[in-house]
Every structure is written in C-alpha cells, then in structure tokens.
Amino acid sequence: MELQPSEDRAPLHVTVWDGATPGAPRALLVHGTMSWGTRCFAGQRPLAELFRLELVDRRGFGDSPDIDHSDYAVDAEDLVQLLGTGAHLVGHSYGAAAAMLAAAARPEAVRSLTLIEPSALRTAAADPVVAAALTRIRAAFGESGGTGPEVSPQEYLRRSTEPYGMPVPEPTPRMLRAVRSAMRERPVWDAELELRPLAAASLPKTVINGTWETAHPDYREFTGRALAACGEYLAEAIGARHVRISGTDHSPHQDRPEVVNAILTRLWQS
C-alpha cells in the first residue's frame, strides 16, 4: 500500500515527555483503539529520563482532530510525517498496523520498530488459529466490522470489557469520544498489509505478545490465542525478535511495564 501524506489535514496532537538530555533518541508511541497516547503508554513514562517520548493521539482520539472514520492507512500517513529525520516507532494493537505501514514506507527514518500485540489478523490468516478467529469475528461483526446504529457508546464500552472479565472504564467524555471513534474504525483485523518491504528493511524489529494464560477464558478464546499466533507469525515473516511477556494479555506494556520498558531501553540504546 503506497502512502500519500496529505498536507491539508489538521495536525495531530502529540504529547511530549522529555526529561532526557538534549539530543536524546526520539520514540513515537502509537496507541490502539478506545484509547489515546497518555492513557495507553502511561507505564512508559519512566523512559522519558533517557529518551524523548512523543505520544501520538490518532485522529478521533485524545486531543487530535475528529475524523469521520478512523483508518490505519490515514494514521500511517500521519506517522510518515511525524517521523521527521528519524525516530524509534512503537505501535500497540490497532496502532501497530499504522506503524507497520509507516515503517514500510520510510524504513530509513525508523531507528527500530516495536509491535505490541499487533491485531492485523488477516495478515497471518495462513495460521489455522488466526483463520478460525477471523471466522468468529466476521460472524460477530460482519465483513465491515460495523456495530449497528442501535448500539450506544456506553453499551459498546460495556460489551467490549465486562463480558471478558475486564473492568468497565469510567464513561468520561474523553473515553466516550474514543469509543465513538472506535465504533467507526476501518476494521484492523481485516487489514491486508504487505510484509515484504518490512522483511527487506534492515532496521531492528521486535514483536511483543502477552502469554494470555491469566486472561478471562472467553477473551482468550475469542481473540487472545489468535493475537498470540499472529504476533509469532508476523515476527517470523518480517525477521523480528518475538518476545512473550508472562502474566499479561493484550496490553503487556500496561500490565508489566517494567519488563517492556527494559526491552525498549535495550533496543533503543543498542
């Protein structure tokens, strides 16, 4: 997929955490769905003592401008511009798809690529566990991934968390805006991403997954096992190091930030 950055879009909001010395390495951090930069990567704030962290709010989330339909390809165009002369790039879940596209488009500007629980399942559909999950997801949400007009943001938030043993986040205006944007997103699980450019890129690549053994059984069965298999497949396909973080599921950087931060520190300092 060739990216054509647009200069007529309003700029994104980027939160900067920077307690490091001037000239420290930059890292762009890209959140997943129903979140925003500072919420998703709160556990990575200690890294700002050594690095300049730039936490991106994707369009429709956080303090970034609205968008009719959130889209990983549009996010990738934004990242291509934000990379500037070079930065480390981290993407979680939905944000991992945008990070992959941006890294494939401008590998010379990516110092390293880290994908945390990448959710572009169709890319790994050759794996039978992933293929079975895609069948379940399409049956539940349809080919377009739509939720239907009858579902309110509050109800969507509840359905996305409570049945899987997760606490329902407080329905603040910021959270409900993130939910509304998520409800109109282009489905990332159905993304067709070309892996050969990433495989050919010589930049350091890491894929991080949870082990999912502590997750609610329904959550683990519906998508968890498939996300773990997807991460393993993608790591092999693009020549990345694959790391599994025990005791975590879809957000290992939140569940065990000290472990993930140690991995990122070693990667960014190497």
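Residues numbered from 1 in each chain as written. Predicted model: local features only at pLDDT ≥ 70, side-chain atom pairs only at ≥ 80, totals over all residues. Heavy atoms only, no water.

> Sorry if this is basic, but what is going on with the overall build of the chain here?
When helices and strands are counted, the chain shows 10 helices and seven strands. Scaling as 2.2 N^0.38, a compact globule of 270 residues should have a C-alpha radius of gyration of about 18 Å, and the chain matches this with 17 Å. When its C-alpha atoms are laid out on the principal axes, the chain stretches across 50 × 35 × 35 Å. Sorting the 270 residues of the chain into buried and exposed places 53% on the buried side. Put simply, 76% of the contacts in the chain that link residues at least 6 apart link residues at least 24 apart. Within the structure as shown, the chain displays about 11700 Å² of accessible surface, and the carbon and sulfur contribution to it stands at 51%. Averaging the positions of the 27 positive and the 34 negative side-chain charges in the chain gives two centres separated by 2 Å. (Helix = DSSP H or I, 4+ residues; strand = E, 2+ residues; numbered from the N terminus. Rg over C-alpha atoms; globule rule 2.2 N^0.38 Å. Buried < 20%, exposed > 50% of the residue type's maximum accessible area, 1.4 Å probe, protein only. Contact = heavy atoms within 4.5 Å. Areas by Shrake-Rupley, 256 points an atom, 1.4 Å probe, with all protein chains shown as cover. Lys, Arg positive; Asp, Glu negative; His and termini not counted. Charge placed at Lys NZ, Arg CZ, Asp CG, Glu CD.)

> I would appreciate a short explanation of helix 6 (residues 173–183) in the present structure.
Owing to its 3.6 residues per turn, the α-helix aligns residues three or four sequence positions apart on the same side. Burial runs high along helix 6: eight of the 11 residues are buried. Turning to helix 6, its buried residues number three or more, namely Met175, Leu176, Arg177, Ala178, Val179, Ser181, Ala182 and Met183. Buried residues belonging to helix 6 abut helix 1 (37–40) and helix 5 (153–159).

> Quick question: what am I supposed to make of the packing of aromatic side chains here?
To describe a pair of aromatic rings, you give the distance between the ring centres and the angle between the ring planes. Under the definition given, this model contains five aromatic pairs. With centroids separated by 6.5 Å and ring planes inclined at 25°, the aromatic side chains of tyrosine 164 and phenylalanine 222 adopt a geometry described as stacked. Note that tyrosine 164 is positioned in the loop between helix 5 and helix 6 and phenylalanine 222 in helix 8 (residues 217–238), a separation of 58 residues in sequence. Between tryptophan 212 and tyrosine 219, the aromatic rings sit 4.8 Å apart at their centres with planes inclined by 70°, giving edge-to-face as the arrangement. You can call tryptophan 212 buried: its relative accessible area is 1%. For tyrosine 219, a relative accessible area of 12% gives the class buried. Taken together, the ring pairs in this structure connect Tyr164, Trp212, Tyr219 and Phe222 into an aromatic cluster. Directly above the aromatic system of tryptophan 36 lies the positively charged group of arginine 39, at a separation of 5.7 Å from the ring centroid. Sitting over the ring of tryptophan 36, arginine 174 keeps its end group 5.5 Å from the ring centre. (Phe/Tyr/Trp six-rings, centres within 6.5 Å; stacked < 30°, edge-to-face > 60°. Lys NZ or Arg CZ within 6 Å of the ring centre and 35° of its normal.)

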